[in-house]
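Here is what each chain is made of, one letter per residue.
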Amino acid sequence: ARVKKLSVFDLNEKSKFDIVYSWGVLHHTGFMIKAIKKTCKMVDNDGLLIISLYKKTYFVPFGKLKN
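If you're wondering where the values come from, they're calculated on a predicted model, not measured in any experiment. (Residues numbered from 1 in each chain as written. Predicted model: local features only at pLDDT ≥ 70, side-chain atom pairs only at ≥ 80, totals over all residues. Heavy atoms only, no water.)

(A) How the structure looks around the pattern of salt bridges. Under the counting rule described, the total for this entry stands at one salt bridge. Here Lys41 makes a salt bridge to Glu13, at a shortest N to O gap of 3.2 Å. Here Lys41 is found in helix H1 (residues 32-41), whereas its partner Glu13 is found in the segment before strand S1 (17-23), with 28 residues between them in sequence. With relative accessibility at 44%, the residue Lys41 sits in the partly exposed group. (Salt bridge = Lys/Arg side-chain N within 4 Å of Asp/Glu carboxyl O. Helix = DSSP H or I, 4+ residues; strand = E, 2+ residues; numbered from the N terminus. Buried < 20%, exposed > 50% of the residue type's maximum accessible area, 1.4 Å probe, protein only.)

(B) Geometry of the side chain of Ser52. Within the secondary structure, Ser52 sits in strand S2 (residues 43-52). Setting aside its immediate chain neighbours within four residues, Ser52 contacts Ser22, Trp23, Gly24, Val25 and His27. (Contact = heavy atoms within 4.5 Å.)

(C) Region of interest: the nonpolar core. With six residues, the main nonpolar core is built from Val8, Leu11, Leu26, Ala35, Ile36 and Met42. Each residue touching Ala35, except ones within four places of it in the same chain, is listed here: Val8, Phe9, Leu26 and Thr29. (Core = buried A, V, L, I, M, F, W, Y, C linked by side-chain atoms within 4.5 Å.)

(D) A look at the confidence of the model for the protein chain. Scored by pLDDT, the protein chain has a mean of 82; 82% of the residues are at 70 or more. Ranking the elements of the protein chain by mean pLDDT puts S1 last, at 90, and S2 first, at 94. (pLDDT = per-residue confidence, 0-100.)

(E) Unusual backbone geometry, seen in detail. Backbone geometry places Asp46, a non-glycine residue, at a positive phi of 60 degrees. Here Asp46 lies in strand S2. For Asp46, a relative accessible area of 84% translates into the label exposed.

(F) Examining a nonpolar patch on the surface more closely. A cluster of nonpolar side chains, Met32, Ile33, Leu49, Ile51 and Leu53, forms an exposed patch at the surface whose accessible area comes to about 380 Å². Breaking the nonpolar patch down by element, the ones donating at least two residues are H1 and S2. (Patch = residues over 30% accessible without salt bridge, like charges linked within 9 Å, V, L, I, M, F, W, Y side chains within 5 Å. Areas by Shrake-Rupley, 256 points an atom, 1.4 Å probe, with all protein chains shown as cover.)

(G) Representation of the packing of aromatic side chains in the model. Counted under the stated rule, the structure contains two aromatic pairs. Plain terms: the ring middles of Phe9 and Phe31 are 6.3 Å apart, the flat faces sit at 85 degrees to each other, and that makes the pair edge-to-face. Residue Phe9 is found in the segment before S1, and its partner Phe31 is found in the loop between S1 and H1; the two are separated by 22 residues along the sequence. By relative accessible area, which is 53% here, Phe31 ends up exposed. Ring geometry for Tyr21 and Trp23: centres 6.2 Å apart, planes at 15 degrees, overall stacked. Exposure remark for Trp23: the relative accessible area of 54% places this residue in the exposed category. In this structure, Lys34 packs its charged tip against the face of Phe31, placed 5.9 Å from the ring centre. (Phe/Tyr/Trp six-rings, centres within 6.5 Å; stacked < 30°, edge-to-face > 60°. Lys NZ or Arg CZ within 6 Å of the ring centre and 35° of its normal.)

Written out as structure tokens, the structure reads:
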């Protein structure tokens, strides 16, 4: 098996992968919807897409940056 660590925007969306995994990252790209759509296109037939997105809330203090 081959594993690659790349930006979704560096990939050709015609490339297909058996497993596409992104945990807590796509919403940080600045182009979340575009990143999700491109990611979905790269999952092969019968492939597996695993993504996690989160929203900064009162209960997620590490989402705040201190100056």
